[in-house]
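# Descriptive structure summary
Okay, here's what each chain looks like letter by letter:
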Amino acid sequence: MLQRAEEMGFRTKCIDGIAGHAEYGEGEEIAAVLAHVDVVPAGEGWSVEEPYSLTEKDGRYYGRGVVDDKGPAVVALYCLKALKDEGIMPKRRLRVIFGAAEEIGMDDMEIYFQKEPLPDMAFTPDSEYGICCYEKGILQLEVYAPCHDGTTLTEFHAGHAVNAVPAKAYALVDCTENEDHQLRRFADAKPGSYDFIYTMDGLQIVATGKAAHACIPEEGLNAAMHLIRILAADFGQLVLGSLCSFLDDAIGLETDGSALGIRCRDKESGALSVNVGVVEINERVARATIDIRYPVTADSEEIFSRIRKRASYEGLMTKLLNHELPLAMSDKAPIIRLLQDAYQTVTGEVPNLYATGGGTYARTLKNRGVAFGPVFAGDPAKIHEPDESISTENFWRHAQICAEAVSRMAKA
């Protein structure tokens, strides 16, 4: 990205190989668009041949990152180029800031802003339209045992990322023929699909659910949790081990934290959500990662304390992997008005203000920026799922809105 920016004639700077920017204009003040160029794993089940290449099909652009967030990153850079090509000199420095670790905790922006100033105003095209004034807090943690203490269950694997609902789960069990038949009957009555494969090491069960972003786990079908529920119904929790016992008892098929005792909501940002993203069990390890999106007014320490206490009942330990504080932006902030005007100029409509469970770079800006686009209502972008895509019409409409917003930041 920085090489392309240099070829366009912009000043560039790379910070520790994990973030950087392209800059146009002069002045003390800085206005910025923040975008990330890392992505979650592609996963299985794509309808296009190569998920990491851009594919245009049936009026849509397909590819991992086309929406989240490589497509908007490219658009933002070309918005700078459009201003430069038209000879428009901004009143302040304009930057497109690129990060390469947004999906794994946003340490990239922490490192970047240790060496570069915060922009005076900014937005990140990494969510939905209209304007996101509230972002829930994010707690990501690992629950683990020193070793696997189950007997019948010998292996379990599910998920690739803490912030995604796993669409596949694999279990290896040592069971009798009667237990096998009972498992099949349980599986036939449950959501998802299940394949049973006989191997030299035992019966392998492959569960297929539906992927989704961890901020909306209720829109997916968690293959790991559904498979654990079926195994527990047949064998009982004891032989599955303490980790599976905890996951089935304290979380189960819920996504609202009720069984954990952390269910809550507020009027500003809505309800708490829980997602089990990765489960790994074998003779050496037993661990699971959990992603929690909590309301902006909730007490994160109390939430973590309750989970740790509940896990300890099963003899499990808990480790905090990542904590991102919530964002709450006043609807009177100048950047809100600027983005409202930009959106209305292009679409003729006034954008709504909303809250999200997603986490964006906006929360690193200390109330100087918000998330704004690129997804439009009714367009199934499938972020963090197979077939991530956006309609070609909406992609270019986002480009127009982004250009209008950047132009207004240049002149405001």
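Heads up: the structure comes first, above all this text.
For the structure given in this document, a descriptive report is provided here. These figures come from a predicted structure and were not determined experimentally.

### Overview of the overall build of the protein
Assigned secondary structure in the protein consists of nine helices and 26 strands. For the protein, the C-alpha radius of gyration of 23 Å lies close to 22 Å, the compact-globule estimate for 412 residues. Summarising its shape, the C-alpha atoms of the protein cover approximately 75 × 45 × 40 Å along the three principal directions. A burial count over the protein gives 57% of its 412 residues as buried. Considering only residue pairs separated by 6 or more positions, the protein has 75% of its internal contacts joining residues 24 or more positions apart.

### Some remarks on helix H5 (residues 223-235)
Given a rise of 1.5 Å per residue, 13 residues ought to cover 18 Å, and the 18 Å separating the end C-alpha atoms of H5 matches this to within 8%. Within H5, eleven of the 13 residues are buried, leaving the element largely enclosed by the surrounding structure. Regarding H5, the residues found buried are Ala 223, Ala 224, Met 225, His 226, Leu 227, Ile 228, Ile 230, Leu 231, Ala 232, Asp 234 and Phe 235. For H5, the capping residue at the N-terminal end is Asn 222, with a side-chain oxygen 3.1 Å from the backbone nitrogen of Ala 224. Once H5 ends, the next one or two residues include Gly 236, with phi positive near 90°.

### Brief notes about a nonpolar patch on the surface
A surface patch of nonpolar side chains, about 260 Å² in accessible area, is lined by Met 1, Val 74 and Tyr 78. Counting through the fold element by element, Val 74 comes out in helix H2 (residues 70-85).

### Quick look at the pairing of strand S7 (residues 121-124)
Alternating positions in S7 separate into two faces, Met 121 and Phe 123 on one and Ala 122 and Thr 124 on the other, with burial throughout. When strand S3 (residues 30-36) meets S7, the two strands line up parallel, connected through three bridges. Paired with Val 33 across the two strands is Phe 123, which belongs to S7. Pairing between S7 and strand S24 (residues 369-372): three bridges, direction parallel. Residue Thr 124 lies in a different strand from S24, and its bridge partner there is Ala 371.

### Quick notes on the sheet that holds strand S4 (residues 55-57)
Hydrogen bonding along the main chain pairs the strands of a sheet, whether they run parallel or antiparallel. The strand order across the open sheet formed by three strands is S4-S5-S26, and the pairing between neighbours is antiparallel. Strand pairing shows two members of the sheet lacking a second neighbour, S4 and strand S26 (389-391), which therefore form its edges. Within the sheet, the average angular offset between the axes of one strand and its neighbour, ignoring direction, is 25°. Pairing analysis gives three bridges linking S4 to strand S5 (residues 60-62), with the strands arranged antiparallel. Of the residues in S5, the one forming a bridge with Thr 55 is Tyr 62. Sitting on the sheet, helix H9 (residues 392-411) is in contact with S4, S5 and S26, with an inclination near 85° to S26.

### A word on the pattern of salt bridges
What the rule picks out here adds up to 27 salt bridges. Between Glu 26 and Arg 11 there is a salt bridge; the shortest N-O distance is 3.4 Å. You can see Glu 26 sitting in the loop between strand S2 (19-24) and S3 and its partner Arg 11 sitting in strand S1 (residues 11-15), a full 15 residues away along the chain. For Glu 26, a relative accessible area of 52% translates into the label exposed. As a salt-bridge pair, Lys 81 and Asp 85 come within 2.8 Å of each other at their nearest N and O atoms.

### Notes on the sheet that holds strand S14 (residues 193-199)
Overall, antiparallel pairing links the eight strands, which are arranged S14-S15-S13-S11-S19-S20-S10-S21 in an open sheet. The open sheet terminates on both sides in strands that have one partner only, identified here as S14 and strand S21 (317-324). Put simply, the sheet's adjacent strands are angled 20° from each other on average, direction ignored. As paired strands, strand S11 (residues 153-158) and strand S13 (residues 168-173) are joined by five bridges and run antiparallel to one another. Each bridged residue has a counterpart across the sheet, and for Glu 155 the counterpart in S13 is Leu 172. Lying on the sheet, H5 is in contact with S11, S13, S14, strand S15 (202-208) and strand S19 (273-281); it crosses S13 at an angle near 30°.

### Notes on the environment of Met 317
By secondary structure assignment, the location of Met 317 is in strand S21. Counting along the chain gives 309 residues from Met 317 to Met 8, while the straight-line C-alpha distance between them is 51 Å. The contact partners of Met 317, leaving out residues within four places of it in the chain, are Glu 142, Val 143, Tyr 144 and Pro 146.

### Remarks on the packing of H2 against H9
Where H2 meets H9, the axes come as close as 9 Å, and the angle between the chain directions of the two elements is 50°. Judged by the angle between their axes, H2 and H9 are oblique. Relative to H9, H2 is oriented so that their crossing is right-handed. Contact residues: H2 offers Gly 71, Pro 72, Val 75, Ala 76, Cys 79, Leu 80 and Leu 83, while H9 offers Phe 395, His 398, Ala 399, Cys 402, Ala 403, Val 406, Ser 407 and Ala 410. The class makeup of the residues in the contact of H2 with H9 is twelve nonpolar, three polar and no charged.

### Brief notes about the nonpolar core
Residues Phe 156, Leu 231, Leu 247 and Ile 292 are the most contacted members of the largest nonpolar core, which totals 50 residues. Tallying contributions element by element places H5 first for this core, with nine residues. Ala 22, Tyr 61, Val 66 and Ala 405 belong to the second largest nonpolar core, which has 48 residues in total.

Criteria and cut-off values
Residues numbered from 1 in each chain as written. Predicted model: local features only at pLDDT ≥ 70, side-chain atom pairs only at ≥ 80, totals over all residues. Heavy atoms only, no water. Helix = DSSP H or I, 4+ residues; strand = E, 2+ residues; numbered from the N terminus. Rg over C-alpha atoms; globule rule 2.2 N^0.38 Å. Buried < 20%, exposed > 50% of the residue type's maximum accessible area, 1.4 Å probe, protein only. Contact = heavy atoms within 4.5 Å. Expected span 1.5 Å × (residues − 1). Polar contact = N/O pair within 3.5 Å; in protein donor to acceptor, adjacent residues only side chain to side chain. Patch = residues over 30% accessible without salt bridge, like charges linked within 9 Å, V, L, I, M, F, W, Y side chains within 5 Å. Areas by Shrake-Rupley, 256 points an atom, 1.4 Å probe, with all protein chains shown as cover. Salt bridge = Lys/Arg side-chain N within 4 Å of Asp/Glu carboxyl O. Pairing = 2+ DSSP bridges. Axes fitted to C-alpha atoms, helices over the stretch in contact; angles between N-to-C directions. Parallel < 35°, antiparallel > 145°, perpendicular 65-115°, else oblique. Left-handed = near helix turned anticlockwise from the far one by under 90°. Nonpolar A, V, L, I, M, F, W, Y, C, P; charged D, E, K, R; others polar. Core = buried A, V, L, I, M, F, W, Y, C linked by side-chain atoms within 4.5 Å.

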